[in-house]
Amino acid sequence: MEKRQVKATGIISEYNPFHEGHRYQIRKAREETGADAVVVVMNGDFVQRGECAVTDKYVRTKMALLGGADYVFDLPVRYGISSAADFAYGGILALDSLGCVDAVCFGCEAPEDIDTMADIFWKCQREAEGIAQMKQYLAQGLSYPAARQRFLQEKTGWSEEKCRERMQPGNILGAEYRQAIRLLGSSMECVPILREGMGYHQIEPETENDWKYMSATAIRAQMEAGLDYVKGMPEEALQVWKETGYSMKTEDFWPALALAVRMHIENLDSYKDVSEDLAAVFSREILQALDYEGFIHACKTKNITMARVKRALFQILFEVKKEERETKMPYLRLLGRRKDACPLPLGRLRTTVIGRLAKEEERLSESAGKKLAQDIFAADIYHMTAALKTGMPQKNEYKQPMVIVG
């Protein structure tokens, strides 16, 4: 009898922190695709909107595995703190490089419109006519997200209200995942799942379903308030967070961020999302900034979003430069797995999978080693800042064991 091919489904995530909606997504991904294994590519210690994660990647990996994931891989920081397009590209590249992931599953607000949005985004980002139109919108003083929303409205004929509703984070990432698959010529299937419960940025529950599926934004607000019991998290994930004993805030990293801007003030526009205009704003404001909140609000302008300001700060700190997109992921770190996980068929593996850094780092090429060093530096900054804040021992990336549960 011919042996059945193992079916693996991928999820690109942040789990900041892991909540009931994430557990629901993993369960639905397995059901919708008939997957034997759910493979997660997760942001490390810093997230896409340019902030720190509330807990480190090892804690969040354990939450994810207890919540139903089979494998968790680390998304390199150069993708993790980038625009939605580059974040999505990095996640798809990572899953595709494993050579065994058949589908990528994601939550979104309007599954029925993801294909249309992906086609429109392709036009405004990669076709000459669309690029020219976007430049006109930007020249009028619109931010990039506002310009893309106007382009979407013009090409679809949707109302302004519908376009605004469709330009939600889940829909945008879903459209970007489809574009990345097209760019890479990947055979992975996209499987959108309707988002349940709260909206992405919603904090206050309004319906019974909101209480069941709370947003990560609402849960982080509870954490910051120091509540003993945080609603919206699975009991296992909540217990892991309680054992951790702390939650990090982005302002905790202000001394390191401010120092990085001052140190690189002569070449700020060499970093990924730092335009000449933003570099000029950073150079001016860093000389009079008193704190993190004051600095980022002073740097936000009509056509530069707050998220871009935040991402740019961390790109400077971790030295994420402007460069061509990779077409092959040079390495992937396996952060954790379930003991009973179905073994992945890695016969078509197109990258180097690293478990323990101390034992396997030397397998990388010189260029790949430099990129991995960037990830390690970002993690070290996180661990150092957490140790200074809490007085707890500082974690060492080279001594951290793989997270195994079950």
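Preceding block: the structure.
Here's what I pulled together on the structure shown here.

What counts and what doesn't
- Residues numbered from 1 in each chain as written.
- Predicted model: local features only at pLDDT ≥ 70, side-chain atom pairs only at ≥ 80, totals over all residues.
- Heavy atoms only, no water.
- Core = buried A, V, L, I, M, F, W, Y, C linked by side-chain atoms within 4.5 Å.
- Buried < 20%, exposed > 50% of the residue type's maximum accessible area, 1.4 Å probe, protein only.
- Helix = DSSP H or I, 4+ residues; strand = E, 2+ residues; numbered from the N terminus.
- Salt bridge = Lys/Arg side-chain N within 4 Å of Asp/Glu carboxyl O.
- 1 Å grid on protein atoms, 1.4 Å probe; cavity = no way out; pocket = protein on both sides within 12 Å on 5 of 7 lines; lining within 4 Å.
- Points joined across faces, edges and corners; volume = space filled by probe spheres on them.

Quick word on the nonpolar core
1) Next: Within the largest apolar cluster, 38 residues are counted, with the highest numbers of intra-cluster contacts made by Phe 46, Phe 253, Phe 282 and Phe 318.
2) Next: Every element with two or more residues in this core is listed here: α13 (254–263), α14 (276–285), α15 (292–299), α16 (306–317) and α18 (366–390).
3) Next: It is α16 that contributes the most residues to this core, seven residues altogether.

Looking at the pattern of salt bridges
1) Next: Applying the stated criterion to the full structure yields 27 salt bridges.
2) Next: Measuring nitrogen to oxygen at the nearest pair gives 3.0 Å for the salt bridge that ties Glu 51 to Arg 49.
3) Next: Residue class for Arg 49 comes out buried when judged on its relative accessible area of 16%.
4) Next: In this structure, the salt-bridge partner of Arg 338 is Asp 340, at a minimum N-O distance of 3.1 Å.
5) Next: Taking the relative accessible area as the measure of exposure, Arg 338 reaches 19% and is therefore buried.

Re empty space enclosed by the protein
1) Next: Taken as a whole and judged by the stated rule, the model has three cavities of 30 Å³ or more.
2) Next: Counted as a void, the largest cavity has a volume near 100 Å³.
3) Next: Looking at the largest cavity, it is lined by 13 residues, and the ones nearest its centre are Gly 44, Asp 45, Asp 74, Leu 75 and Val 77.
4) Next: Mapped by element, the contributors of at least two residues to the lining of the largest cavity are β5 (71–75), α3 (77–80) and α18.
5) Next: With three residues, α18 is the single largest residue contributor to the lining of the largest cavity.
6) Next: Of the volumes computed, that of the second largest cavity is approximately 40 Å³.
7) Next: Considering the residues around the second largest cavity, the lining is formed by Tyr 58, Arg 333, Leu 334, Leu 335, Gly 355, Gln 400, Pro 401 and Met 402.

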